[in-house]
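Survey of secondary and tertiary structure
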Amino acid sequence: MPEARKIIAQNRKAHFNYSIEDSIECGIVLEGTEVKSVKGGSISFADSFAVIENGEVWVQNLHISEYSFSSVFNHNPDRKKKLLLHGEEIKRLSRKVDEKGYTLVPLEFYLKKGRVKVLLGICKGKKQYDKRADIRERDVNREMAREFRSRLQS
């Protein structure tokens with residue numbers, strides 16, 4: 001039986017702007033009030049990315065809003081957060097990122113056994129014509145589904 005996952009947030013913009021080659025699940029180091037904010041869905045990561053520094057993976061431009069019910073002991077919403085991965089996984093990611101055009105982008109945040117997890121994607125940026133082709137394909141699929149429904153109803 002697959003493990004239960006409660007999805008907190010998804011990065012839909014990443015699926016449009018990047019072609020996702022591979023993905024990896026990793027943990028994230030959070031402070032107490034950050035965990036409560038993330039579980040409440042107060043997270044914004046549309047333009048966030050991950051970098052590898054000194055054998056550690058860090059997420060930048062990840063905004064976790066301050067927890068509204070906390071006292072003066074609140075967290076800095078824009079600090080960079082460390083991702084938890086095994087050493088071999090970090091080496092594999094660094095080899096992949098060193099290739100031209102690849103970047104690490106968080107695709108979704110979810111809860112797994114009560115812990116906050118990040119699905120980190122190894123992505124390559126799409127060109128403008130690739131994005132237009134995706135839009136065209138989505139419109140064609142929508143039109144076919146609409147036509148199919150109308151034929152079923154008549």
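Further up the page is the structure itself.
Notes on the structure in this doc start here. (Residues numbered from 1 in each chain as written. Predicted model: local features only at pLDDT ≥ 70, side-chain atom pairs only at ≥ 80, totals over all residues. Heavy atoms only, no water.)

1. Remarks on the pairing of strand 9 (residues 115-125)
As judged from the nine bridges shared by strand 2 (residues 18-28) and strand 9, these two strands associate in the antiparallel manner. Along strand 9, the bridge assignment pairs D22 with I122. Two elements, strand 8 (residues 102-112) and strand 9, share 10 bridges in a ladder whose sense is antiparallel. In the strand pairing of strand 9, F109 is matched with V118. Hairpin geometry of strand 8 and strand 9 is characterised by an intervening segment of two residues between the two adjacent antiparallel strands and by a positive phi of about 55 degrees at K113. (Pairing = 2+ DSSP bridges. Helix = DSSP H or I, 4+ residues; strand = E, 2+ residues; numbered from the N terminus.)

2. Structural notes on the pairing of strand 8
For strand 8, a buried count of 10 out of 11 residues is recorded, marking the element as mostly surrounded by other parts of the structure. Relative to strand 8, strand 1 (residues 5-10) runs antiparallel, the two sharing five bridges. If you follow Q10 over to strand 8, its bridge partner there is E108. (Buried < 20%, exposed > 50% of the residue type's maximum accessible area, 1.4 Å probe, protein only.)

3. Considering helix 2 (residues 32-39)
Those residues of helix 2 not exposed but buried are T33, E34, S37 and V38. One side of helix 2 carries all its buried residues, which in axial view fall inside an arc of 140 degrees. Where helix 2 ends, the next residue or the one after it, G41, has phi of about 85 degrees, a positive value. (Arc of directions from axis to C-beta.)

4. Brief notes about the nonpolar core
Generally speaking, nonpolar side chains in soluble globular proteins are found buried as a group. Among the nonpolar cores identified, the biggest contains 26 residues, and I28, I43, L62, L83, F109 and L120 are the most heavily contacted of them. When residues of this core are traced back to their parent elements, those giving at least two are strand 1, strand 2, strand 5 (56-60), helix 3 (87-98), strand 8 and strand 9. Not counting the four nearest positions on each side in its chain, L120 is found in contact with D22, S23, I24, C26, A50, V57, L83, L93, L104, V105 and P106. Counting residues in hydrophobic clusters, the runner-up holds six residues, among them A14, L107, Y110 and C123. (Core = buried A, V, L, I, M, F, W, Y, C linked by side-chain atoms within 4.5 Å. Contact = heavy atoms within 4.5 Å.)

5. Focus on the packing of aromatic side chains
The final tally for this structure, using the stated rule, is one aromatic pair. Lying across the ring of W58, K80 places its NZ or CZ 4.9 Å from the centre. Over the aromatic face of Y102 sits the side chain of K96, whose NZ or CZ is 5.1 Å from the ring centroid. (Phe/Tyr/Trp six-rings, centres within 6.5 Å; stacked < 30°, edge-to-face > 60°. Lys NZ or Arg CZ within 6 Å of the ring centre and 35° of its normal.)

6. Section: the pattern of salt bridges
Under the criterion given, the structure shown has 11 salt bridges. In this structure, K80 engages E53 in a salt bridge whose closest nitrogen and oxygen atoms are separated by 2.9 Å. Taken together, the residues K80 in the loop between strand 6 (63-64) and strand 7 (81-84) and E53 in strand 4 (residues 49-53) connect sequence positions 27 residues apart. A residue is classified by how much of its surface remains accessible, and K80, at 33% relative accessible area, is partly exposed. When its relative accessible area of 30% is taken as the criterion, E53 is described as partly exposed. Across the pair E56 and K82 runs a salt bridge whose closest N-O atoms are separated by 3.1 Å. (Salt bridge = Lys/Arg side-chain N within 4 Å of Asp/Glu carboxyl O.)

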